[in-house]
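# Structural description and commentary
Take a look at the letters that make up each chain.
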Amino acid sequence: MAAAEGCEEMSGNGELVESSAMEAPEVPAPPLPEMTEENGSAAVVPEAPVGPDPASFSMQPATVDEEGELPADFERLWKAAHDNPQDFTSWTDLLQYCEQEGHVTSSRRALEAFLVRYPLCYGYWKKFADLERRIGFNDKAEEVCIQGLQAIPLSVDLWIHYINLLLGTLDMNLPESPKRIRSVFEDAVAAAGLDFHSDRLWDLYVEWEKEQGNMKNATAVLDRVLRVPTQLYNTHYDKFKEHLNNHEPKEVLSPEEYEELRELCRQSQKAERAEQSQEEEKERPPGEEEPATPEGTDTEELMQKIREQVLLRRDKVYQDNEGEVRKRWHFEDAIKRPYFHVKPLDRLQLRTWHSYLDWEITELNKDTKDPSQGDYTDPNQATTEESEVMAPPQEPSEDTIAAQDDHRVRILFERCLIACALYEEFWSRYIQYLEPQSVDEARAVYKRACEIHLAYKPNIHMYWATFEERHGDLTEARRVLEALEKKLPGLAVVRIRRAALERRAGQLDQSEALLREAVAESKEKPTLHAFYSIKLARLLLKLGRDPSSARSVLQEALEISPDNDKLHMNLLELEVSGDPWASAEAVQECVTRALAAPLEPHTKILFSQRGLQFAEDYSNSIQSVLSVYEEHQKLLKELGGTKREAENGDEDPEKLSKTDDGSAVAVSAQVPPTMPHVPITTPPPPVMGADMSAQAGYGGYSSWYQQPQYGSYGYQNTWNYNQGYYPPS
């Protein structure tokens, strides 16, 4: 099975309801019924639809009204679908309305727009082709089928629909018509023949060859499907036996195989007769001769021996194929929704697909493998009128086995990406599998994922941009990110990725321009504006070597967001990173600004501590250090932050004692508690046995930098500011 046929059934409250008909058929399934010429397929359970089966509401006889007025409610439903293209229900409402109205132009327009966004709904490709055929546009119907098969080549139903369309429109009396039908069959089995549920396609191919009177070609097709693990694998062997018994071996076997087996059986027959004649000669009356057998005559006994030899050869292939089916059976049985659906899959189904892929890839990577477990013959060796049948089954080479197993893995990935089309993890996994083999194939999968199925999921678009940059195509990487930003405007991570791409490409001016544009456009969103401002300031300071411009950016941002502690901290670090003697006044100005801002008390204490540390490290007079220290002590008393100071690592909480006025005084483990308090301007040395985590960094600055990242910016753990610019003192 491949994709869902239509859309969801709608409940009374508008929720999507999954009907029982949507479930995959239980396995093992009964033997296939006889094929019919009318539909070219067996009467088995059809592929499960996504919602109401399109066949459940038939279209009225259409009229060619290309320029006629659109139905009354068309524009309303069309606008609803286009205003929210991710709302699947709006699209199904539009399609259902167009079919009920029987209006060709509106139906075409709705189907074309819908299938661009949801190309895996194979049932609507069939309906589109039927619409064109009903109004006499057979060429257009064929084009629709081809477009659908390009979008979903694993759809067995769509291939059968296309073949039946050709059978109904081509003049089979023309010599080129059978060749074309056979060519389409070959394309079909090459694309979908390895699907576990491809039995109907193979059966249709065999029956068509029989109808054409090409019994040897029918045998060749049966030989191929005997090597393919499918759900109804045993029925193919039964049909091969029936085919062989209903015709003379010479009619169904290739000339090479027939002559080989005929000679083998004749030699065996001669040996048996020689032994038998020796016994009969003793009992034969004198003078009576052995009855002569005409040379070149094939007896029925010989034909039966040839049939036995044919089945003996095929039985080994069948047994090996049965082993392959058994290996896959529990995976296939666990897959309950092998078709496309907009509703999420449960975790068990996702795990099943991952496990199945793991197993198939492991099989591919095995060092040794039984050569008889090969695949069907290469489609390039397809049967033709001139070459009636392929050679008898041969054991494939190791290289052939590897190519066939790789093809099998790819088919499984493609099947997975029908059921799991809305899950990034499976697209990424397929790309990781393809990239070592072919960059172009991996790129094609990225394109399919990002432009069709995951158009509004940013992560895989950014993976694509990284992929293109890694392979040297900066132009395409830029295009991918620009297109994503147009589709999802305001997503900070995309703009940052664009700026980083330009920076890595050596285009610092362009990187700066992108960040300045983001700063200008985000003034109505203070938090986002602060984020972009910090990024721009760091670029100007670290790479542009322009601290003046960086300072201006942060100061302008503080005018909009004076309560943003990250802006204050980055401005302080900018000043601290300059000439310590020239920047002393600027540092104190930053601290003063932060203390006057509407920040949390513990944050103000941290800024005060940072100013005190700077004074201790770089001040050239003890008076200035003590002045800053006294201001810091006043702030602690005012904000009651001594306990908070201890929690941030300045003092060990276990070594604080309360005074009469409620303030906490540091008590060293090596100093008596009665010792008068003396102001200290440097941290005490670590105490043996004390909690070293509390002493990690003066003033607890390291814990200040370990602030939670801004999750509201749309991505995780990409802020590096929380690591700090300086090592602990």
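In this numbering scheme, every chain counts its residues from 1 along its sequence in written order. Residues qualify for local features only when their pLDDT is at least 70, as the model is predicted, and side-chain atom pairs are given and counted only at 80 or more; totals for whole chains, interfaces and linings, by contrast, use all residues. Side-chain metrics in this entry use all non-hydrogen atoms of the structure; hydrogen atoms and water are not considered.

A word on the overall build of the protein chain. Secondary structure summary: the protein chain contains 29 helices and four strands in total. Only protein chains enter the accessibility calculation, which uses a 1.4 Å probe. A residue is then buried if its area is under 20% of the maximum for its type, exposed if over 50%, and partly exposed in between. For the protein chain, buried positions account for 48% of its 729 residues. Look at the contacts in the protein chain between residues 6 or more apart in sequence, and 68% of them connect residues 24 or more apart. Accessible surface for the protein chain amounts to roughly 36,300 Å². Of this, 50% is attributable to carbon and sulfur atoms. Secondary structure elements are defined from DSSP: runs of H or I of at least 4 residues count as helices, runs of E of at least 2 residues count as strands, and each element is numbered from the N terminus. Every residue pair with non-hydrogen atoms within 4.5 Å of one another is taken to be in contact. Method for areas: the Shrake-Rupley scheme with a 1.4 Å probe, in which residue coverage is limited to the protein chains shown.

Another point: helix H18 (residues 458–470). The span one expects for a helix is its residue count, reduced by one, times 1.5 Å. Taking 1.5 Å as the rise per residue, H18 with 13 residues should run 18 Å; its terminal C-alpha atoms sit 18 Å apart, in good agreement. Turning to H18, its buried residues are Ile460, His461, Met462, Trp464, Ala465, Phe467 and Glu468. Contacts made by the buried residues of H18 are with helix H16 (424–434), helix H17 (439–453), helix H19 (474–487) and helix H20 (492–504). Positive phi appears at Gly472, one or two residues downstream of H18, with a value of about 85°.

On to helix H7 (residues 176–192). Here H7 contains 17 residues, and its C-alpha end-to-end distance of 24 Å stays within 8% of the 24 Å for a straight helix at 1.5 Å per residue. Taken as a whole, H7 has its buried residues at Ser177, Pro178, Ile181, Arg182, Val184, Phe185, Glu186, Ala188, Val189, Ala191 and Ala192.

This paragraph deals with the packing of aromatic side chains. Only rings of Phe, Tyr and Trp enter the pairing, Trp through its six-membered ring, and a pair is recorded when the two centres are within 6.5 Å. The plane angle decides the type: under 30 degrees is stacked, over 60 is edge-to-face, the rest tilted. Applying the stated criterion across every chain yields a total of 20 aromatic pairs. Judged by centre distance (6.4 Å) and plane angle (55°), the ring pair of Trp91 and Phe114 falls under tilted. Pair noted here: Trp91 is in helix H2 (residues 88–101) and Phe114 is in helix H3 (residues 104–117), with a separation of 23 residues, a long-range link. Residue class for Phe114 comes out buried when judged on its relative accessible area of 0%.

The subject of this paragraph is the packing of H20 against helix H21 (residues 508–521). Only the stretch in contact is used when a helix axis is fitted, and all axes are lines through C-alpha atoms; the angle between N-to-C directions ranges over 0 to 180 degrees. At a minimum axis separation of 7 Å, H20 and H21 run at an interaxial angle of 160°. The orientation of H20 with respect to H21, classified from their angle, is roughly antiparallel. Our pair here, H20 against H21, has a crossing hand that is left-handed. In this structure, H20 uses Arg495, Ile496, Arg498, Ala499, Glu502 and Arg503 to contact H21, whose residues at the interface are Leu508, Gln510, Ser511, Leu514, Leu515, Glu517, Ala518 and Glu521. Looking at the contact of H20 with H21 residue by residue, the classes come out as six nonpolar, two polar and six charged. Roughly parallel covers angles under 35 degrees, roughly antiparallel covers those over 145, roughly perpendicular covers 65 to 115, and oblique covers all other angles. We call a crossing left-handed when the near helix sits turned anticlockwise from the far one by less than a right angle, and right-handed when that turn is clockwise. Gly is put with the polar residues, along with every residue not named as nonpolar or charged; the nonpolar set is Ala, Val, Leu, Ile, Met, Phe, Trp, Tyr, Cys and Pro, and the charged set is Asp, Glu, Lys and Arg.

pLDDT measures how confident the predictor is about each residue, on a scale from 0 to 100. Summing up the model confidence of the protein chain, the mean pLDDT is 77 and the portion of residues at 70 or higher is 70%. Confidence drops under pLDDT 50 across residues 1–66; counting only partners more than four residues distant or on other chains, this segment forms 181 contacts. Every residue in residues 367–393 scores below 50 in pLDDT, and together they form 68 contacts with partners more than four places removed in sequence or on other chains.

Turning our eyes to something else, we now look at the nonpolar core. Here, nonpolar core refers to any group of buried Ala, Val, Leu, Ile, Met, Phe, Trp, Tyr and Cys residues whose side-chain atoms link them within 4.5 Å. Formed by 82 residues in total, the largest nonpolar core has its most connected members in Leu94, Phe114, Trp159, Leu201 and Ile306. By residue number, the principal contributor to this core is helix H6 (residues 156–169), which donates eight residues. Each residue touching Ile306, except ones within four places of it in the same chain, is listed here: Pro249, Leu253, Tyr258, Leu261, Arg262 and Cys265. Counting 41 residues, the second largest nonpolar core, distinct from the first, contains Tyr356, Leu357, Leu412 and Ala449.

For Cys420, the position within the fold is in the loop between helix H15 (398–419) and H16. You can call Cys420 buried: its relative accessible area is 0%. Contact partners of Cys420, with chain neighbours within four places excluded, come to Leu345, Leu350, Trp353, Phe426 and Trp427.

Definition used for salt bridges: Asp or Glu carboxyl oxygen within 4 Å of a side-chain nitrogen of Lys or Arg. A full pass over the atoms with the stated rule returns 43 salt bridges. Its salt-bridge partner being Asp358, residue Arg429 comes within 2.1 Å of it at the nearest N-O pair. Remark: Asp358 occurs in helix H14 (residues 347–365) and Arg429 occurs in helix H16; sequence separation between them is 71 residues. A residue is classified by how much of its surface remains accessible, and Asp358, at 39% relative accessible area, is partly exposed. Residues Glu589 and Arg593 are paired through a salt bridge, measuring 3.4 Å at the closest nitrogen-oxygen approach. Note that Glu589 and Arg593 are positioned in helix H25 (residues 584–596) at a spacing of four residues, about one turn of the helix. Through salt bridges with shared partners, a single ionic network connects Asp223, Glu257, Glu260, Arg313 and Arg314.

All right, on to the packing of helix H8 (residues 199–211) against helix H10 (residues 233–245) then. Contact pair H8 / H10: the axes reach a minimum separation of 10 Å and the direction vectors enclose 15°. Judged on the interaxial angle alone, H10 and H8 are roughly parallel. For the element pair H8 and H10, the recorded crossing hand is left-handed. For the pair H8 and H10, the contacting residues are Asp199, Trp202, Asp203 and Lys210 in the first and Tyr233, His236, Lys239 and His243 in the second. Per-class residue counts for the contact of H8 with H10 are two nonpolar, two polar and four charged.

By the secondary structure assignment, Ser583 is in the loop between helix H24 (565–576) and H25. Aside from chain neighbours lying at most four places away, what touches Ser583 is Glu575, Gly578 and Phe614.

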